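Residue strings, one per chain:
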Amino acid sequence: MYLSKTIYVRVWDCPKKAWICKYHPELIPQDENTLSRFRTGNEVGDLARGLFGPSVNVTAYQEDGSLDLTRMIENTRREMERGTPVICEASFSSGGLYCAVDLLKKEEDGWAIYEVKSSSDGLQDKYIADVSYQKYVLEHCGVRVTGVYLVCIDTSYVLGEEDLDLKGFFKINDLWEQACLEQKNTVPAVLQEAERVLLRGEEPGVTLGENCRDCELFSYCGRNLPIPSVFDLYRLQKKKMIEYYRQGLVSFADLEKAGVIKNATQKRQIDFALHDRGIYVEAGPLKEFLAGLSYPLYFLDFETMQPAIPFCVGTHPFAQIPFQYSLHFIEREGGELKHSEFLAESGTDPRRAIAEALCRDIPADACVTAFNKAFECTRLKELAAAFPDLAEHLLAIEGHIADLLTPFQKGWYYRREIGGSFSIKSVLPAICPNDPELDYHELEGIHNGSEAMSIFPAIRFMPPEEQERARRNLLAYCKLDTLAMVKVWEELKKAAG
């Protein structure tokens, strides 16, 4: 059996997932989120190679482009014999167990393992499992391991005018005690489980657990669940989901009969799913909410990126950097629906340009709406902090934002098609079904915020024709977000009577 550290951690995490990755990798979705995480991981990993000064990378490839593990192991042995201070991708194999250490650092009486993660949390259990396996393999290869560390990103770091400071950007966590304990208590058992699971062709029958709802394989592993199921309830805690699931309370009919759901929003979701109730409206509070909106009325939506490696002065890792907005607006009651938009140049710091555009496009005293306004409000306050000369106008915009999400969260409006999510992408098709112009799936190239976040920084590396197409797709996507808000507002007015 061949076992890499990636496969080992999969077995540690979920034997069924490890089995699927081996025998049916086509079931693993390769969406933009996944690809973006891979790219970020590679960028951060490359950056970390300079953390301790000069290093030697022993990576080798075969003619078909795949890794040449035999050469990598031999290159590692040679560099260790030379006493090379830092070896990148140091490779080891023992009894079918293989691992490549991100950074292997020479110490006075042995070698230290440094695992690099593009995360801000260095104490995740899966990271401890990862480094423990590496320690186990290296020691079985006769290497004296004197330290085990996890290198992650320090989100308190703020980029100054100077070049990125690697010592400040990275945070090093000493995991020696955790790795020793994990190696003793867990590694042998996981290796036995790996052999049991991966050497047979039969899919493991693992039951659903608390972490399954967020797994990319949930739709596959939960393919036999009723639709809707307990896993679709609005904001039900994962622990409760699994508790009800293991009690046999899986379908909405099961939950209604048992009477275990007490939350009013969740009870309404179950009731409307099982019975055709039409549209639920609490006209009084809905009318009061709508009366609080005034003309000129604006509908605002931002798109942002979250670079792990900051490039804008004064920002920290993973900061939300707005690069685009869409703005629909109506200047007076019964007036024409108009549209304005902004999209920055890829590869630049977009914040000053977007802040100035906002001040041009939105009067300081105008009524502005957003969907889940906390996001837009936070971005506006961040822009105000970054540009004091624009702060008064930006904060005035922020202070006049009303949240179109409120009527849904408060339970003033509901219909069964909305289901258990009140996001704009759930609400829009519920109130405007079968309209291709309002269907995110009909958009070209970009269908959600994750795709927008990934594509914008990549535009600068595209040929001119692709750049133009990508920018056009970004504008169309963001424009639909604010048009969706207009449609929601119109539906709420109609429902309020």
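Residues numbered from 1 in each chain as written. Predicted model: local features only at pLDDT ≥ 70, side-chain atom pairs only at ≥ 80, totals over all residues. Heavy atoms only, no water.

Enquirer: In this structure, what is going on with the sheet that holds strand E11 (residues 367-370)? I would like to understand it.
Expert: Sheets are built from strands that pair by backbone hydrogen bonding, the pairs being arranged parallel or antiparallel. Strand order across the open sheet formed by five strands is E10-E9-E8-E11-E12, with mixed pairing between neighbours. The open sheet is flanked by strand E10 (337-343) and strand E12 (401-403), the only strands paired with a single partner. Geometrically, the sheet is characterised by an average inter-axis angle of 30° between neighbouring strands, direction not taken into account. Relative to strand E9 (residues 321-330), strand E8 (residues 297-305) runs antiparallel, the two being bridged by nine bridges. Bridge assignment links Asp301 to a residue of E9, and that residue is Ser326. Strands in contact with helix H15 (residues 373-386) are E8, E9, E11 and E12; relative to E8, the strand with the most contacts, it is inclined by about 75°. Along the sheet face, helix H20 (residues 464-496) touches E8, E9, E10 and E11 and points at about 45° away from the line of E9. (Pairing = 2+ DSSP bridges. Helix = DSSP H or I, 4+ residues; strand = E, 2+ residues; numbered from the N terminus. Axes fitted to C-alpha atoms, helices over the stretch in contact; angles between N-to-C directions. Contact = heavy atoms within 4.5 Å.)

Enquirer: Just to check I follow, could you spell out helix H2 (residues 15-23) for this structure?
Expert: Structural remark: α-helix, 3.6 residues per turn; residues separated by three or four positions point the same way. Of all nine residues in H2, seven are buried; the element is thus mostly enclosed. Inspection of H2 places Pro15, Lys16, Lys17, Ala18, Trp19, Ile20 and Cys21 among the buried residues, and these make up the whole buried set. Here the buried face of H2 lies against helix H1 (5-13), helix H8 (187-198) and helix H9 (218-221). (Buried < 20%, exposed > 50% of the residue type's maximum accessible area, 1.4 Å probe, protein only.)

Enquirer: Explain the packing of H1 against H2 here, please?
Expert: Any two packed helices are characterised by the angle at which their axes cross and by the distance between the axes. One way to put it is that H1 packs onto H2 with a least axis distance of 5 Å and a crossing angle of 140°. As summarised for this structure, H1 and H2 are arranged oblique, according to the angle between their axes. Along the contact surface, H1 presents Arg10, Val11 and Asp13, while H2 presents Pro15, Ala18 and Cys21. The residue inventory of the contact of H1 with H2, partitioned by class, reads four nonpolar, no polar and two charged. (Parallel < 35°, antiparallel > 145°, perpendicular 65-115°, else oblique. Nonpolar A, V, L, I, M, F, W, Y, C, P; charged D, E, K, R; others polar.)

Enquirer: So what exactly am I meant to see when it comes to the packing of H1 against H8 here?
Expert: Two elements in contact, H1 and H8, have axes separated by 9 Å at closest approach and are oriented at 95°. By the angle between their directions, the pair H1 and H8 is classed as roughly perpendicular. Contacts between H1 and H8 pair Ile7, Tyr8, Val11 and Trp12 from the former with Val187, Val190, Leu191, Glu193, Ala194 and Leu198 from the latter. Looking at side-chain class alone, the contact of H1 with H8 contains nine nonpolar, no polar and one charged residues.

Enquirer: Just checking my understanding: could you explain the side chain of Lys17 for this structure?
Expert: Relative to the elements of secondary structure, Lys17 occurs in helix H2. Setting aside anything within four residues of it in sequence, one finds Lys17 in contact with Cys215, Glu216 and Leu217.

Enquirer: Sorry, what's going on with the pairing of E9 here?
Expert: Residues in a regular strand point their side chains to alternate faces of the sheet. Of all ten residues in E9, ten are buried; the element is thus mostly enclosed. Bridge analysis of E9 against E10 gives seven bridges, and the strand direction is antiparallel. Of the residues in E10, the one forming a bridge with Ile330 is Leu337. Between E9 and E10, which pair antiparallel in sequence order, lie six residues; one of them, Gly334, sits at a positive phi of approximately 80°.

Enquirer: Is there a simple way to explain the pattern of salt bridges in this structure?
Expert: Where charged atoms of side chains with opposite charge meet at close range, the side chains can pair. Counted according to the given criterion, the structure contains 29 salt bridges. Linking Glu115 and Lys117 is a salt bridge whose minimum nitrogen-to-oxygen distance equals 3.1 Å. Its relative accessible area of 2% is what places Glu115 among the buried residues. The class for Lys117 is buried, based on a relative accessible area of 17%. Between Lys425 and Asp481 there is a salt bridge, with the nearest N and O atoms lying 3.6 Å from each other. Here Asp481 lies in helix H20 and Lys425 lies in helix H18 (residues 424-431), a separation of 56 residues in the sequence. The class of Lys425 is partly exposed, set by a relative accessible area of 33%. Assessed through its relative accessible area of 5%, Asp481 is described here as buried. Each of the salt bridges in this network shares a partner with another, and the network as a whole consists of Lys5, Asp102, Glu115, Lys117 and Asp130. (Salt bridge = Lys/Arg side-chain N within 4 Å of Asp/Glu carboxyl O.)

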